[in-house]
Amino acid sequence: MHQVNPIIETKDLVKDYYDGGNVIHAIKNASIKIYPGEMVGIMGPSGSGKSTLLYVLGLLHPPTSGTYLFKGENILNYTAEEQAVFRNKELGFVFQSCDLLPNSTVFENLELPLVYAGADHRTRRQRILDALDRVGLSHRVDHWSNRLSGGERQRAAIARALVNNPSLILGDEPTGQLDQENTDAVVAQLRELAAQGFTVVLVTHEDDIGRACDRIIRIQDGTVISEGWDDATISSHVLEGLS
Ligand SMILES: Nc1ncnc2c1ncn2[C@@H]1O[C@H](COP(=O)(O)OP(=O)(O)O)[C@@H](O)[C@H]1O
Ligand SMILES: [Mg+2]
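Given the structure is predicted, the values throughout are model-derived calculations rather than measurements.

Caption draft 1: Representation of the site of ligand 1 within the structure. Taken together, the neighbourhood of ligand 1 is formed by Tyr17, Asp19, Ile24, Ala26, Gly44, Ser46, Gly47, Ser48, Gly49, Lys50, Ser51 and Thr52. Those elements giving two or more residues to the shell around ligand 1 turn out to be β1 (8-19), β2 (22-30) and α1 (50-57). Per-element accounting of the shell around ligand 1 gives the leading share, three residues, to α1. When its residues are assigned to classes, the shell around ligand 1 shows three nonpolar, seven polar and two charged.

Okay, here's the thing in structure tokens:
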């Protein structure tokens, strides 16, 4: 039987924040696995640690303890510089509030991660056009980003997350500022990316977005209370990998 290896495997991941004299146990011994091509929702009450878990998975926050393998590699052992290269190459981030540079075109916004990756001019142009094409925004390539509609801006942010062809897309309530129509469009977009083989992990508190995911990792008070494995919605290729 064909065996699928997880793209992400954490064991007893802990994240404490030190706030003045207080310790906040934001993540308590999270042991999770995420498989390639899955779209996984992280859900739980406000303050339960959803964003923290996402940021730890994205190497934006260092965990306090525990292990984290990405494609079998112990990325926590990387130097800060290696981690930065890893993030640029393998991860794409989409946040709730649109963080495109306002006084720049869509092209210029998408070019930044490519410049950082050291791509030459020709490659940059190709990757930018490819990424915009994936999200249906090719016609907006030379638009000022602040002239885009809210939905277009978030699709541009998704395209920016895609330019370096990452294996993992991380979203923190990526539709939090959007109306229903644009939310549906962005969710459909993320589903499409998962169908193309990208792995998508997104924090959400909206049930209809959760239903669009292959499974839900539920977190409560810093503890992962379910990984969603017994959910009927689990995708078949994941089940295949587990059997
Ligand atoms: N930078 C920080 N410093 C101190 N405490 C933090 C920080 N970020 C989050 N927290 C605390 O960690 C807990 C989890 O927060 P967070 O991950 O943002 O939850 P969620 O995204 O589920 O709302 C909360 O108690 C929050 O106040
Ligand atoms: Mg949050």
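Caption draft 2: Summary view of the pairing of strand β8 (residues 168-172). The buried fraction of β8 is high, at five of five residues. Along β8, one buried face is formed by Leu168, Leu170 and Asp172 and the opposite face, lined by Ile169 and Gly171, is buried too. One ladder, built from five bridges, connects β8 with strand β9 (residues 199-203); its direction is parallel. Across the sheet, the residue bridging to Leu170 is Val201, located in β9. With helix α6 (residues 180-195) bridging β8 and its parallel neighbour β9, the resulting β-α-β unit is right-handed.

Caption draft 3: Here's a closer look at the confidence of the model for the protein. Overall, the predicted model of the protein reaches an average pLDDT of 91, with 93% of residues at or above 70. No element of the protein has a lower mean pLDDT than helix α8 (residues 236-242), which averages 55, and none a higher one than strand β5 (residues 65-70), which averages 98.

Reading the values: the criteria
Residues numbered from 1 in each chain as written. Chains lettered and ligands numbered in written order. Predicted model: local features only at pLDDT ≥ 70, side-chain atom pairs only at ≥ 80, totals over all residues. Near = placed C-beta within 6 Å. Helix = DSSP H or I, 4+ residues; strand = E, 2+ residues; numbered from the N terminus. Nonpolar A, V, L, I, M, F, W, Y, C, P; charged D, E, K, R; others polar. Buried ≥ 20, exposed ≤ 12 C-beta atoms within 10 Å, placed from the backbone. Pairing = 2+ DSSP bridges. Right-handed = clockwise from strand over helix to strand, strands pointing away. pLDDT = per-residue confidence, 0-100.

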